Amino acid sequence: MESQSPDPQQPQRTLNLPPFMSQTSLKLDTPPPPSSSSSLLWIANRSSPRSLSNLSASSPSSPSSKTKSTCSDRFIPCRSSSRLHAFGIVDKEGGNEAYLRLLRQELFGPEFGDSDSCFSSPAGGAGKGLSPGSLNRNMLRFKVERSGSERSPFGESLGLGRGGGGEGGGSTPPAKPPRKVPKTPHKVLDAPALQDDFYLNLVDWSSQNILAVGLGTCVYLWSASNSKVTKLCDLGPNDSVCGVQWTREGSYVAIGTNLGQVQVWDGTKCKKIRTMGGHQTRTGVLAWNSRVLSSGSRDRAILQHDLRVPDDYVSKLVGHKSEVCGLKWSHDDRELASGGNDNQLLVWNLHSQQPLHKLKEHTAAVKAIAWSPHQSSLLASGGGTADRCIRFWNTTNGSQLNSIDTGSQVCNLAWSKNVNEIVSTHGYSQNQVMVWKYPSLTKVATLTGHSLRVLYLAMSPDGQTIVTGAGDETLRFWNIFPSMKTPAQVKDTGLWSMPRSYIR
């Protein structure tokens, strides 16, 4: 194909061609009139295998253009309508390299902008004229960069600030706010003659919602349903009440006396069922399991009583060297924990006469004992003024799991059956009530109100309310735990919302 000589009256046109293409290998067709939306270049490369050399493209005005079709292997738009200047790419050597560097930065981040390992151009240019700061940094990015003040408040919890989220670590949900506990009791009862004696246990709440309180020589029953007060018994002028304990069914109540007797009364009929002896002096602590009543005394012995047999007691456990002041059966009735004024915590088996474990880490009397309802073989114990610690034990092997110094004498412990928390009452020197979360042992609440040692503690049948008693002759009712079905915050009714009542 021969080249036609250019018309001397028309301006000669030049093409911006790549280096490997020559002017002689191309045939330039006459463009259409300027009315077209954009001018097109039809390029037919003679050296290319796909070029059609047997076709001649003539002017649209030529008669042959109506019968012949024009073919080519490529379509190239006009550069003047491509807006390449908006990306800072100039039409000169190195422009292709600049485009590749820009594409790498937008797809893979700024750190890949200078990488020449796998995206380098054949020309190996340096990308002249490119200013990354002048481009939109958020192009093709899902994550929006934010300043420190705009970051989500849950960023730390999700591990974004600790390397957990970015490195494939498991994300954790945001921490729940601490549960609010009312700081004042919703009811206060006067309890005249309530003794200020660390070794006695004079308050217990039955499963039938009846509170038993030992006041001097008498035991009174207070109904939490209608606030009715009933006098159960009077031991007479020569004796006094040292301990009370309801059966799990809530029908019978056991009474320990200063003379060493153990009496069993029918709480519904206010009738004495039986009196059992065996102790030489006061019986200050009692504990029921499904069939056996255990009693601890100042005579250092623990007696096991069975109401089905005529004997006063069926077995005697000897292990303490001083008065027994704490006694609790495990929820499965397999183990009995006892605490004494000898600073020992002993764990007994139902069928053994010798303790399974002798735990001697406490440095003061052990009165406060509680078994966890949430975990088998988990026992909590609290020490007196010289110890001040709550200790947690695995009774399977006798190991101590954890401990915390409360700062004051530990008088009572009780696990919540609704949530995995434990409540403790204290004496010298702060006389407070404290709620702890287990196993973190973080403090949920600290309640104050008693003016003397908080020596007595019992829990309501629904597990939401506790009652505390002290030598200040008051019983205070606190709503501290949520219900088992609806863990909503308990309502604070206020200290003065209800008038003060008298238990007798």
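One structure accompanies this document, and this report is about it.

What counts, and at which threshold
- Throughout, residues of each chain are indexed from 1 in the direction in which the sequence is written.
- Residue-level local features of this predicted model are given only where pLDDT is at least 70; pairs of side-chain atoms are given and counted only at 80 or more, and the full residue set underlies all totals for whole chains, interfaces and linings.
- The side-chain values count all of the structure's non-hydrogen atoms but skip hydrogen atoms and water molecules.
- Aromatic contacts are taken between Phe, Tyr and Trp rings whose centres are within 6.5 Å, Trp giving its six-membered ring; a plane angle under 30 degrees counts as stacked, one over 60 as edge-to-face, and the others as tilted.
- In this text, helices come from DSSP runs of H or I with a minimum length of four residues, and strands from runs of E with a minimum of two, each type numbered from the N-terminal end.
- Relative accessibility under 20% of the residue-type maximum defines a buried residue, over 50% an exposed one, and the middle range a partly exposed one, all with a 1.4 Å probe and only protein chains included.
- The criterion is that NZ of a Lys, or CZ of an Arg, lies within 6 Å of the ring centre and within 35 degrees of the ring normal, and then a charge sits over that ring.
- Note on contacts: a residue pair is in contact if any heavy atoms of the two residues lie within 4.5 Å.
- Polar contact criterion, stated in full: a pair of N or O atoms within 3.5 Å, where within protein one must be able to donate a hydrogen and the other to accept it, and residues adjacent in sequence count only if both atoms are side-chain atoms.
- Here, a strand pair is defined by DSSP locating no fewer than two bridges between the strands.
- A fitted line through C-alpha atoms represents every axis, and for helices the fit uses only the stretch in contact; the resulting angles, taken between N-to-C directions, go from 0 to 180 degrees.

### Regarding the packing of aromatic side chains
- Within the structure shown, the criterion is met by 6 aromatic pairs.
- A ring pair is formed by Trp-222 and Phe-477, whose centres lie 5.2 Å apart and whose planes are at 45 degrees; its orientation type is tilted. Here Phe-477 lies in strand β28 (residues 474–479) and Trp-222 lies in strand β4 (residues 218–223), a separation of 255 residues in the sequence. Side by side, Trp-222 and Phe-477 carry an identical accessibility label, which is buried.
- In textbook terms, an aromatic cluster arises when at least three aromatic residues are bridged by ring pairs, as seen for Trp-205, Trp-222 and Phe-477.
- The lysine or arginine in question, Lys-367, covers the ring of Phe-198, its NZ or CZ lying 5.4 Å from the ring centre.

### As for the environment of Ser-483
- Among the secondary structure elements, Ser-483 is positioned in the loop between β28 and β29 (501–502).
- Note on Ser-483: relative accessible area 17%, which makes it buried.
- Residues Ser-483 and Gly-463, 20 residues apart in the sequence, show an inter-C-alpha distance of 7.0 Å.
- The residues touching Ser-483, leaving out its near neighbours within four places in the chain, are Asn-418 and Gln-464.

### Thoughts on the side chain of His-279
- Positionally, His-279 belongs in the loop between β9 (271–276) and β10 (283–288).
- Polar contacts involving the side chain of His-279 include one to the side chain of Ser-295, which spans 2.7 Å.
- Among the polar contacts listed, one links the side chain of His-279 to the side chain of Asp-299, at a separation of 3.2 Å.
- Setting aside chain neighbours within four positions, we find His-279 in contact with Leu-259, Gly-260, Ser-295, Gly-296, Ser-297, Asp-299, Ala-301 and Leu-303.

### A few points about the pairing of strand β15 (residues 335–340)
- With 6 of 6 residues buried, β15 is to be regarded as a mostly interior element.
- The side-chain alternation of β15 yields two buried faces, one formed by Glu-335, Ala-337 and Gly-339 and the other by Leu-336, Ser-338 and Gly-340.
- As defined by bridge partners, strand β14 (residues 324–329) adjoins β15 across 5 bridges and the pair is classed as antiparallel. When the sheet's bridge partners are listed, Gly-326 is paired in β15 with Gly-339.
- Here β14 hands over to β15 after 5 residues, with Asp-333 in that stretch at a positive phi of 65 degrees.
- The loop that links β15 with its antiparallel partner strand β16 (residues 345–349) comprises 4 residues; one of these, Asn-343, has a positive phi angle of about 70 degrees.

### Notes on the sheet that holds strand β2 (residues 203–205)
- The antiparallel open sheet is built from 4 strands, whose spatial order is β2-β3-β4-β5. Since the sheet does not close on itself, it has two edges, and those belong to β2 and β5 (229–234), each with one partner. For this sheet, the mean angle separating the axes of adjacent strands, direction not counted, is 20 degrees.
- As judged from the 6 bridges shared by strand β3 (residues 210–215) and β4, these two strands associate in the antiparallel manner. Bridged to Leu-215 within β4 is Cys-218.

### Describing the sheet that holds β10
- Taken in spatial order, the 4 strands of this open sheet run β10-β11-β12-β13, and their pairing is antiparallel. Two strands bound the open sheet, and with one partner strand each, they are β10 and β13 (315–318). The sheet shows a mean angle of 20 degrees between the axes of neighbouring strands, direction not considered.
- In this sheet, β13 lies alongside strand β12 (residues 301–306) in antiparallel orientation, the contact comprising 4 bridges. What sits directly across from Leu-303, in β13, is Lys-316.

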